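Listed here are the chains, written in short residue letters.
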Amino acid sequence: METEAPVADRKNAPSLDTLFAQANGAIDAQTGAVVPPVQSATTFVRDELYQPISPNHVYSRDDNDLLRLTEEMLARAEHAEDGLLLPSGMAAVASVMRTVGNGGRIILQSGIYWGTTKFARDFCNRRGIDLIEVDCADIDALRDVAKPADILWIETPSNPYLKTVDIAACSKIARAIGAALVVDSTAATPVLSQPLDLGADIVMHSATKAINGHSDVLAGFLACARQESDLWQLMRADRHDAGAMIGSFEAWLLIRGMRTLPLRVERMSATALSIAQFLDSHPRVEKVLYPGLPDDPGHDVACRQMSGGYGSLLSFLVRGSREQALESVGKLKLFKRATSLGGVESLVEHRHTIEDTVPDTLLRLSVGIENPTNLIGDLEAALT
Ligand code: PLP
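Residues numbered from 1 in each chain as written. Predicted model: local features only at pLDDT ≥ 70, side-chain atom pairs only at ≥ 80, totals over all residues. Heavy atoms only, no water.

Caption draft 1: Region of interest: the pairing of strand β5 (residues 180-184). Of all 5 residues making up β5, 5 are buried, and the element is well covered by its neighbours. Alternating residues of β5 divide into Ala 180, Val 182 and Asp 184 and Leu 181 and Val 183, and every residue in both groups is buried. Here strand β4 (residues 151-155) pairs with β5 via 5 bridges, running parallel. The residue of β5 that forms the bridge with Leu 152 is Leu 181. (Buried < 20%, exposed > 50% of the residue type's maximum accessible area, 1.4 Å probe, protein only. Helix = DSSP H or I, 4+ residues; strand = E, 2+ residues; numbered from the N terminus. Pairing = 2+ DSSP bridges.)

Caption draft 2: The arrangement of the domain arrangement of the protein chain in detail. With domains assigned, the protein chain is organised as domain 1 (16-258) and domain 2 (261-382). Computed from C-alpha atoms alone, the centre-to-centre distance between domain 1 and domain 2 is 26 Å. In this complex, domain 1 contributes 35 residues to the contact, which on the side of domain 2 involves 35 residues. Of the roughly 2,600 Å² buried at the junction of domain 1 and domain 2 (both faces included), carbon and sulfur atoms supply 62%. On the domain 1 side of the interface with domain 2, the three residues burying the most area are Tyr 161, Leu 162 and Leu 192, jointly 25% of the side's total. The interface formed by domain 1 and domain 2 includes 1 salt bridge. In this structure, the salt-bridge partner of Asp 166 is Arg 304, at a minimum N-O distance of 3.0 Å. Elements represented by at least two residues in the side of domain 1 that touches domain 2 include exactly α2 (16-21), α8 (189-192) and α10 (248-258). When residues of the side of domain 1 that touches domain 2 are assigned to their parent elements, the largest contribution, 4 residues, is made by α8. (Domains from an automatic or database assignment. Contact = heavy atoms within 4.5 Å. Buried area = accessible area lost by both parts, 1.4 Å probe. Salt bridge = Lys/Arg side-chain N within 4 Å of Asp/Glu carboxyl O.)

Caption draft 3: Highlighting the sheet that holds strand β9 (residues 313-318). Ordered in space as β8-β9-β12-β11-β10, the 5 strands form an open sheet in which the pairing is mixed. In this open sheet, the two edge strands, each paired with only one partner strand, are β8 (285-289) and β10 (336-337). Both β9 and strand β12 (residues 362-366) contribute to a ladder of 5 bridges, which runs antiparallel. Bridge pairing in β12 places Leu 317 opposite Leu 362. Strands in contact with helix α11 (residues 261-280) are β8, β9 and β12; relative to β9, the strand with the most contacts, it is inclined by about 10°. (Axes fitted to C-alpha atoms, helices over the stretch in contact; angles between N-to-C directions.)

Caption draft 4: Molecular detail of the site of the ligand. Residues in contact with the ligand amount to 14 residues; listed here are only the nearest, Gly 89, Met 90, Asp 184, Ser 206 and Thr 208. The side chain of Asp 184 places a nitrogen or oxygen atom 2.7 Å from a nitrogen atom of the ligand. Going through the elements one at a time, α4 (89-97) and β6 (202-206) are the ones with two or more residues in the shell around the ligand. Considered class by class, the residues forming the shell around the ligand number 5 nonpolar, 6 polar and 3 charged. (Near = heavy atom within 4 Å. Polar contact = N/O pair within 3.5 Å; in protein donor to acceptor, adjacent residues only side chain to side chain. Nonpolar A, V, L, I, M, F, W, Y, C, P; charged D, E, K, R; others polar.)

Caption draft 5: Representation of helix α3 (residues 65-77). If you check α3, its first and last C-alpha atoms are 18 Å apart, about what 13 residues at 1.5 Å a residue would give, namely 18 Å. By the burial criterion, the buried members of α3 are Leu 66, Leu 67, Leu 69, Thr 70, Glu 71, Met 73, Leu 74, Ala 75 and Ala 77. Its buried side turned inward, α3 meets α2, β1 (82-86), α8, β7 (220-224), α9 (230-242) and α10. You can read the cap of α3 off the contacts: a side-chain oxygen lies 3.0 Å from the backbone nitrogen of Leu 66, and it is on Asn 64. Looking one or two residues beyond α3, the residue adopting positive phi is His 79, at roughly 55°. (Expected span 1.5 Å × (residues − 1).)

In structure tokens form, the structure reads like this:
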């Protein structure tokens, strides 16, 4: 049986904000620099006996200190045994799905990030893989269609509908059908939720979003509960052999952004909740989709599986027509009209314009770190 650490040890154990602020304590061994240097070399010399001068420095596809540090920080945040950084969130999605062989089966949550759905549909079609799409926020609906599968893929909170999926309940179903449970936890961030603790096998992030937080790096991250599992070994080998590596400068930028991740997520989540409450009582708003609101269908589950906030992503339906929704978007001054989420700057997206299955009055907000009163004022002016 696991025993809790003595109180003194627990008090002294660095928490996530401390670890991240100090980049896991990374101090350059040669110079004492508190910021790790960017190593741009792709290859490293050997000695006269043809041995590497440094055993962990042969070729940068295998050996990149900044990549290792980024992976260690994120794996620690996710309570994972191991982590893998990839060049984008979609590269991470593809890396997981590519482990499914011809004739396999994937159960995929419906109504999630359209890029994941599109990749899964095209990939499964080419490989003769049975793809079952179901609203996994409805556990009974999932149970009804569940049958032996390779992967059960969920995204929580989902983008753009902010549905909350019960990770622990999905884990039980995944075990029963022999599937690996994969959780896209991008909107939750590693600060607010640790899906592996709830029974997920793999957690996935678009690190392009809050993990980086400054809208200047594309990256993806995968972490696992058991690094010896065949699935994880396959993905590790695939990244290496297929060469899907991220560059040193991108990893350096990620580490720089991650130093403030807990702080940013705390502020963004608190502001998002205030904005959701403001919109919820606004006469021009038909509905707010945000798990932090007590009457949201996913609120109870979100309270159980998230802590410290409900994230910076929220959507709402403007009362009226598509034109009225677009008119409001056009009036916003602080919320920039752009896609993506999780950055320090607030963004608004009329999702229907690029994804026509989304209601044409739905506006998706990514809440940044600006002054909350200013952001609410911007929305108030745009909705008059
Ligand atoms: N997963 C979610 C939930 C996303 O929102 C996105 C991008 O918006 C992705 C995955 C894909 O990530 P990337 O744009 O880094 O490839």
